[in-house]
Amino acid sequence: MLLRRVVSVVCLLLAMVVPSGCSLRKVGYDLAGRYATSRMVDTFALEGNDKATAERVIRELHKWHRREELPRYVQLIDGLSERLRDGLSEDDLRWLQGQGDEAIARVAARATPPAAEVLLRLREDQLQHAERKMAKGERERFEKLDQSDDKYYAYRIENTKKTLKTWLGSYTSEQLAIFAAFHRQDRPEELRRREATRHNRAHLLTAIRSKLPAPELAALLYRWITTRQTNPSPDYQQTEQRQDAAYGQLLQQVDRTLSSQQRQHLLQELAAWRSDFVTLAAQ
């Protein structure tokens, strides 16, 4: 499920907060726990014992991630680099998706039980504060969707250029055209995801207000993280699977257009990330 999220895990989310630069990635990873704590405290207006509990839980999660997950990411990059040398096949994409799904699921399984315990202690004023904060986050994430077609696609292409420049060192008009075609067919799906985000937020807050038992709330949070839905529906999940397949085809199309210089740049970038993960895991 959710191949684009999997690729994000491999390419961006692994560094937690900072997009590029070896020293910046290391600093970003070390600061990730503080960043996550700040976001949770700010979103839910945590205070007193609940704030201290959130800080402790995230600190322990970060330590676990460094100890258990970073070595896995090193192995993942080794496998991905080997597969990239000769071009991505459908089997390679399925392998990558499986690796990413498992990584997301491990973090979700670790994080959601203590998160549920904290959330169930929130007061109504804190829930209302969280509702406003989450709505603001949604607006920031999807703000470009309400712009004109020209502005929206220009924004997507500019981000694509930055991503290709980072990972491939350069890009061609053919490669940009492949991404542009995907962005055009994906815009309606982004609108659908925005509606799902709103539904998920409402469902979560209702579950907290109704004092759902902690294990059930943890399961709800786990589903949200791993499937993008608090209560997964077959239609939504099947549509996401189709979009994952389309994104996989895009990656294969772009992979077939890579020059030897671009492929070498990609492998060198992955090697730099690998080196950072080895160093961070040893700390």
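Residues numbered from 1 in each chain as written. Predicted model: local features only at pLDDT ≥ 70, side-chain atom pairs only at ≥ 80, totals over all residues. Heavy atoms only, no water.

A. Region of the structure containing the environment of S38. Looking at the secondary structure, you find S38 in helix α2 (residues 22–44). Linking S38 and E55, residues 17 residues apart in sequence, is a C-alpha distance of 8.7 Å. (Helix = DSSP H or I, 4+ residues; strand = E, 2+ residues; numbered from the N terminus.)

B. Molecular detail of the packing of helix α4 (residues 90–119) against helix α9 (residues 234–257). Between α4 and α9, whose axes approach to 11 Å, the crossing angle comes to 125°. Compared by their axis directions, α4 and α9 come out oblique. Taken as a pair, α4 and α9 cross one another with a handedness that is right-handed. Between α4, through E90, L93 and Q97, and α9, the contact on the second element is made entirely by D244, G248, L251 and Q252. Looking at the contact of α4 with α9, its residues break down into 2 nonpolar, 3 polar and 2 charged. (Axes fitted to C-alpha atoms, helices over the stretch in contact; angles between N-to-C directions. Parallel < 35°, antiparallel > 145°, perpendicular 65-115°, else oblique. Left-handed = near helix turned anticlockwise from the far one by under 90°. Contact = heavy atoms within 4.5 Å. Nonpolar A, V, L, I, M, F, W, Y, C, P; charged D, E, K, R; others polar.)

C. Structural detail: the packing of aromatic side chains. What the rule picks out here adds up to 5 aromatic pairs. The structure contains a cluster of three or more aromatic residues connected by ring pairs, namely Y73, W167, W273 and F277. We note R184 situated over the ring of Y153; from NZ or CZ to the ring centre the distance is 4.1 Å. (Phe/Tyr/Trp six-rings, centres within 6.5 Å; stacked < 30°, edge-to-face > 60°. Lys NZ or Arg CZ within 6 Å of the ring centre and 35° of its normal.)

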